[in-house]
Amino acid sequence: MDGELLTIGAFARASRLSPKALRLYDELGLLPPVHVDPHSGYRHYAPAQLERARLVAWLRRLGMPLARIREVCELAPGAAALAVAAYWAQVEADVAARRDLAAFLVDQLERENTAMTAPETPSAPLTMRVAALTDRGLVRPANQDAAYAGSRLLAVADGYGPRGGPAATAAVEALKALEDQDLTSADLTAVLEEAARRAHRAAPPAAEESGSTLTALLRSGSRLGLLHIGDSRAYVLRDSGLFCVTHDHSVVQSLIDEGRLTPEEAASHPQRALLLRSLDAGVDFAPDLQLLEAHPGERYLLCTDGLAGVVPTETIQEVLAGAATPQQAVAELVRHAHEAGAPDNVGCVVGEVAAAA
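A short tour of the structure in this document, coming up. (Residues numbered from 1 in each chain as written. Predicted model: local features only at pLDDT ≥ 70, side-chain atom pairs only at ≥ 80, totals over all residues. Heavy atoms only, no water.)

1. A few points about the sheet that holds strand S1 (residues 6-7)
Part 1 of the argument: If you walk across this open sheet you meet the three strands as S1-S3-S2, and the pairing is antiparallel. Looking at strand neighbours, the two that pair on one side only are S1 and strand S2 (35-36), the edges of this open sheet.
Part 2 of the argument: Both S2 and strand S3 (residues 43-45) contribute to a ladder of two bridges, which runs antiparallel. Bridged to His-35 within S3 is His-44. (Pairing = 2+ DSSP bridges. Helix = DSSP H or I, 4+ residues; strand = E, 2+ residues; numbered from the N terminus.)

2. Focus: the packing of aromatic side chains
Part 1 of the argument: A complete count under the given rule lists one aromatic pair for this structure.
Part 2 of the argument: Aromatic side chains Phe-11 and Tyr-45 sit 4.3 Å apart centroid to centroid with 10° between the ring planes, which places their arrangement in the stacked category. Highlighted residues: Phe-11 in helix H1 (residues 8-15) and Tyr-45 in strand S3, separated in sequence by 34 residues.
Part 3 of the argument: You can call Phe-11 buried: its relative accessible area is 0%. (Phe/Tyr/Trp six-rings, centres within 6.5 Å; stacked < 30°, edge-to-face > 60°. Buried < 20%, exposed > 50% of the residue type's maximum accessible area, 1.4 Å probe, protein only.)

3. What to know about the environment of Leu-154
Part 1 of the argument: Turning to its location among the elements, Leu-154 is positioned in strand S6 (residues 153-160).
Part 2 of the argument: Taking the C-alpha atoms as reference points, Leu-154 and Lys-176, 22 residues apart in sequence, are found 9.2 Å from one another.
Part 3 of the argument: Sequence-distant contacts of Leu-154, that is, excluding residues within four places in its chain, are made with Met-128, Val-130, Tyr-148, Ala-149, Thr-215, Ala-216, Leu-217, Leu-302, Val-349 and Gly-351. (Contact = heavy atoms within 4.5 Å.)

4. Describing the environment of Val-334
Part 1 of the argument: Locating Val-334 in the fold gives a position in helix H12 (residues 326-339).
Part 2 of the argument: Overall, the relative accessible area of 7% leaves Val-334 in the buried class.
Part 3 of the argument: Separated by 197 residues in the primary sequence, Val-334 and Gly-137 place their C-alpha atoms 8.6 Å from one another.
Part 4 of the argument: Those residues in contact with Val-334, other than ones at most four positions away along the chain, are Leu-133, Asp-135, Val-346 and Cys-348.

Right, dumping it as structure tokens:
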């Protein structure tokens, strides 16, 4: 039977891959059959393909994304071994990062639980030292980023399309009125959502293909409401490290989440600028909303992808931890973006939580 072709069912049993997985790998060009019947569409595989199929099965058991499996399968055995070792080293680094994020979430939930169960005691008043900066970058002909830093509101927006600049400015302006509202007993996320919804309604017509991202923090005492839509980001620097507390609403991020694209491939993907969610009259309004608890000594960074897309996370953490003031931090971050080529506009806001004097 060595020279005979195997049906997809027989090949699935021999390779320990399901027929559904084999059909997917065929679509991706990872494991195409050697023959497809032109009338029935039945797939047939050669016995010689079993070695590659078993390698694919093993790599999937490791959790390797399909995009990276495709790369490994094209390598000679020695190079493939090095690629698998490099992948596993990255997995271990990612696990460490997720461990830190889990610690952040546990800490956040414990704070919320304490706030709910502890007797009512006056908490020490907090304040924020803040700074905002936008920059055209070194390639774009105009600056379509907007940023705002107030005593209670931090916001960044990244416009796109012919009217992207006005869209980003309008998004931030829609939130500024919140600075003057009494938010003592307000639902911060609901307040942010309604203000952002007004900006969404005012977005340019869909035919103009213009819109904006929006990421904002609204503070009342030690409570922080976070609103996020698009691929700008929010980070918090705490004693345990730097954490990104938003998730990009982009095509490439969805492909990464599905294992169809590696982060390295995403950086140069032709659709890296396409958003799944934004302030755009042509799409549904669907922001992410969450509540955070602020403590003295923490620093918060909101930034557009013109910073996060070119400056490594490690560098961002070093700048946030080492800068003497928020003003120095935003200036240093923009400088690093320039050193990386600044192919896009750069917008960033830094807020430092401190006990009120």
